[in-house]
Amino acid sequence: MLAFNGSEPVKCGLRSVLLQVRDLGLGYDSDETVLFKYCGGSCPHARSNYDLTLSNLLLSGRLPQPAPGEPWHSVPCCRPTRYEDMAFLDNSHRWHKVEKLSAAACGCAD
């Protein structure tokens, strides 16, 4: 899916949002606000020989159709290439460290 800013595609990159820890959905009771970083935006799509062959085999019926919920991925997506740990204090004054919770860098993955 392409993301657009006006008429220009928004390139894959690091985004961030301030959230309360409890809004992360990990079950921690904490009112602390953290900066959650994630990847967003579009990736250029250059059709490789693999993509062309896969499309042709699917269209000709020589490959079985994917099962529901298991679509073929034929476009690159914006994903984290590195992650950061996050530490925070819960409402009972205990420290927690969650590994690889936030994106640190992004890139296009096939």
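Procedures and definitions
- Residues numbered from 1 in each chain as written.
- Predicted model: local features only at pLDDT ≥ 70, side-chain atom pairs only at ≥ 80, totals over all residues.
- Heavy atoms only, no water.
- UniProt positions renumbered as here; feature names shortened; annotations may be inferred.
- Helix = DSSP H or I, 4+ residues; strand = E, 2+ residues; numbered from the N terminus.
- Buried < 20%, exposed > 50% of the residue type's maximum accessible area, 1.4 Å probe, protein only.
- Contact = heavy atoms within 4.5 Å.
- Areas by Shrake-Rupley, 256 points an atom, 1.4 Å probe, with all protein chains shown as cover.
- Disulfide = S-S within 2.5 Å.

- As annotated in an unreviewed UniProt entry, the protein carries the name Artemin and is attributed to Xiphophorus maculatus.
- According to its UniProt record, the protein has this under Subunit (unreviewed entry): "Homodimer; disulfide-linked. Interacts with GFRA3 coreceptor and RET: forms a 2:2:2 ternary complex composed of ARTN ligand, GFRA3 and RET receptor."
- For the record of the protein, the UniProt heading Subcellular location (unreviewed entry) holds the text "Secreted".

### As for the overall build of the protein
Phase 1: When helices and strands are tallied, the protein shows one helix and six strands.
Phase 2: Going residue by residue from the N terminus, the α and β elements of the protein occur as β-β-β-β-α-β-β.
Phase 3: When each of the 110 residues of the protein is scored for burial, the buried share is 21%.
Phase 4: If you take every contact in the protein between residues at least 6 apart in sequence, the share linking residues at least 24 apart comes to 55%.
Phase 5: About 8100 Å² of surface is accessible on the protein, with carbon and sulfur atoms providing 53% of the total.

### Here we look at the state of the cysteines
Phase 1: A full pass over the atoms with the stated rule returns three disulfides.
Phase 2: Between the sulfur atoms of cysteine 39 and its disulfide mate cysteine 106 the distance is 2.1 Å. Looking along the S-S bond of the cysteine 39-cysteine 106 disulfide, the torsion reads about -90°, which is the left-handed sense. In this pair, cysteine 39 is assigned in strand E4 (residues 33-40) and cysteine 106 in strand E6 (residues 95-109), connecting sequence segments 67 residues apart.
Phase 3: For cysteine 39, a relative accessible area of 16% translates into the label buried.
Phase 4: Note on cysteine 106: relative accessible area 22%, which makes it partly exposed.
Phase 5: Two residues, cysteine 43 and cysteine 108, share a disulfide whose sulfurs are 2.2 Å apart.

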